[in-house]
Amino acid sequence: MAGAGFDGAGVVGERRLRRRVLDLAVRSPLLEDAAHVRLLLPRGWSRDASRTWPVLWLLHGLPHGPGGGGHTAWSDHTDIEELTEDAGVIVVMPDGGPCGNYTDWWNRGGGGVPKWETFHLSELRQILEAGYRAGPARAVAGNAMGGLGALAYAARHRGMFRAAASFSGPVHTLYRDPAGLDVADLVELGVAIGAPFLDWTDVWGDPDEQRVVWRQHNPYDLAGRLAGVRVHVSSGDGMPGPYDPGSPGDEGAAADVLEALACTVSREFAGKLGKLGIPVTTHFYRGTHTWPYWRRELRAALPALLAEIT
């Protein structure tokens, strides 16, 4: 099967759903189960082509949350197929697990599975380059937890991505709000729902006791490593907007606490980049933690992402 043999990882299944849509099943020793990946192939793509194509990675949120849906999320909820019809890029939409958090889990200092970051950026990247004509020019974007992954990946792997975008991502994992929801609560909740047999501190440890580990994976703390990357950050304020039922802007409506938190940490992250002199574009708007807004934000950000790699 194409693309097999990197550290024991390999493609164990392919399914061509539509002209441009190719779904892969990949088995890796870094994961407990096979992972699925959806590719959107560019016009003229061939496995035997003498050229390669730029790559846009799109990362999903927690599958059991409003930003989820796994490797099919972006094609299910947006018009990414139509938007990239003539873009000349390979779009990679990988499975991120039920609560993978786009990281190699700390597992009380012992490491081991799951290692989503290494799977994505080492094994899967090499498989795509060897067997599917993926080239070295890359951009990455994600919604919700995928937004955290996009910025963490770009910061932790300098030079791998030319552009990175977060749509409603919890991009300051150490932000604390004693009176309300904070990002550590999201990690705990995600593990409780997605892998209830595991301890949420297996991801990065306790945010106080293993603060160094958390900082090593926190886009806010890694902001300085994004110099030279085209960065975009957007989020709604949590209040009903034009894509929500009822009256947009109704000040009496209950706030969407997930989106309100994403907005707070996204503004702090953008402010940190500003203090460091690193350019960032932002869009903060009235709206909630739902796909209609991410569909709109992808449309708006896509031209800039593609401009960096094509």
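Residues numbered from 1 in each chain as written. Predicted model: local features only at pLDDT ≥ 70, side-chain atom pairs only at ≥ 80, totals over all residues. Heavy atoms only, no water.

Peer 1: Even after reading the chapter, I still don't get the overall build of the chain, so can you show me in this structure?
Peer 2: Counting its secondary structure elements, the chain contains eight helices and nine strands. On C-alpha atoms alone, the chain measures out to a radius of gyration of 19 Å, which is about the 19 Å that the 2.2 N^0.38 rule sets for 310 residues. Considering only C-alpha atoms, the chain reaches an extent of 55 × 45 × 40 Å along its principal axes. Looking at the chain alone, contacts between residues at least 24 apart form 70% of all its contacts between residues at least 6 apart. Treating the 30 positive side-chain charges of the chain as one cloud and the 36 negative ones as another, the clouds have centres 9 Å apart. (Helix = DSSP H or I, 4+ residues; strand = E, 2+ residues; numbered from the N terminus. Rg over C-alpha atoms; globule rule 2.2 N^0.38 Å. Contact = heavy atoms within 4.5 Å. Lys, Arg positive; Asp, Glu negative; His and termini not counted. Charge placed at Lys NZ, Arg CZ, Asp CG, Glu CD.)

Peer 1: Would you mind going over the pattern of salt bridges with me for this structure?
Peer 2: Side chains that differ in charge, positive against negative, can pair when their charged atoms come close. One pass over the full model with this rule turns up 20 salt bridges. For the salt bridge of D221 with R215, the shortest nitrogen-to-oxygen distance reads 3.4 Å. A salt bridge links R286 to D237; the nearest nitrogen and oxygen atoms lie 2.7 Å apart. In this pair, R286 is assigned in the loop between strand 9 (280-285) and helix 8 (291-307) and D237 in the loop between strand 8 (230-236) and helix 7 (257-276), connecting sequence segments 49 residues apart. Residue classification places R286 among the partly exposed residues on the basis of a relative accessible area of 31%. Classification of D237 by relative accessible area gives partly exposed; the value is 26%. (Salt bridge = Lys/Arg side-chain N within 4 Å of Asp/Glu carboxyl O. Buried < 20%, exposed > 50% of the residue type's maximum accessible area, 1.4 Å probe, protein only.)

Peer 1: Can you walk me through unusual backbone geometry in this structure?
Peer 2: If a residue is not glycine, its phi is most likely negative; likewise, a peptide bond is most likely trans. Cis geometry marks the peptide bond from V113 to P114, where omega comes out at -5°. Mapped onto the fold, P114 is located in the loop between strand 5 (90-94) and helix 3 (116-131). Even without glycine at this site, Y102 takes up a positive phi of about 50°. Along the chain, Y102 falls in the loop between strand 5 and helix 3. Given the relative accessible area of 5%, Y102 is considered buried.

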